[in-house]
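Architecture at a glance
Each chain is listed here by its residues.
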Amino acid sequence: MDWSHYRFRTLWTLAAPAAVVYVALEQAEDYPRWWPQVREVTRIDDTSGVVRIRSLLPYDLTFTARDARRDPAAGILEIAMSGDLDGWARWTLTASGSGTLARYDQEVDVTKPLMRRLAVPGRPLFRANHALMMRAGRRGLAAHLQAV
């Protein structure tokens, strides 16, 4: 088993139509306004940018995100990631009553040297750190969507 390889799946129920959620999620440069752990997004060009994240644990992860798929009709946004995280992440949005079910899937290899050295003993903490980040993101997006 590669202890530096992670797969995550998170489901968010949001009280906004899928098209509205899609628009909010495709504007990655706005994430720091509503997602506290997304500290910085610096656009490189129309399809890529550098993202810096930090949750509860005292380390930053920085990676380049490149559009891999944008399909508003299917409700899919997918990026390829390289840097401290190598892999991909995908949002899949589906209507759920008058709201949206947002499914976030991520599969990455951690390349940050410190995290690789601590891969075995730190794995439960790294997974918990990710879960905390995702919970805060759901709360932030829900509040952002109410304000829009």
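Please refer to the structure placed before this passage.
1. Some details on the overall build of the protein
Each helix and strand in the protein was counted, giving four helices and seven strands. Computed over the C-alpha atoms, the radius of gyration of the protein is 15 Å, within 12% of the 15 Å expected from 2.2 N^0.38 for a compact globule of 148 residues. With the principal axes as the frame, the protein shows a C-alpha extent of 45 × 30 × 25 Å. Across the 148 residues of the protein, 41% fall into the buried class. Across the protein, contacts joining residues at least 24 apart in sequence account for 50% of those joining residues at least 6 apart.

2. A word on helix α4 (residues 119-147)
Between the first and last C-alpha of α4 there are 40 Å, a value that for 29 residues agrees with the 42 Å anticipated at 1.5 Å per step. Of all bends in α4, the biggest is about 30 degrees, found at Leu 125.

3. As for helix α1 (residues 18-26)
Along α1, the positions that sit buried rather than exposed are Val 21, Tyr 22, Ala 24 and Leu 25. What you see down the axis of α1 is that its buried residues fit within an arc of 165 degrees, all on one side.

4. Overview of the side chain of Thr 64
With respect to the helices and strands, Thr 64 occurs in strand β4 (residues 61-71). When residues no more than four places from it in sequence are discounted, the contact partners of Thr 64 are Ile 44, Gly 49, Val 50, Ala 80, Met 81 and Ser 82.

Definitions and limits used
Residues numbered from 1 in each chain as written. Predicted model: local features only at pLDDT ≥ 70, side-chain atom pairs only at ≥ 80, totals over all residues. Heavy atoms only, no water. Helix = DSSP H or I, 4+ residues; strand = E, 2+ residues; numbered from the N terminus. Rg over C-alpha atoms; globule rule 2.2 N^0.38 Å. Buried < 20%, exposed > 50% of the residue type's maximum accessible area, 1.4 Å probe, protein only. Contact = heavy atoms within 4.5 Å. Expected span 1.5 Å × (residues − 1). Bend = angle between axes of the 7 residues up to and from the residue. Arc of directions from axis to C-beta.

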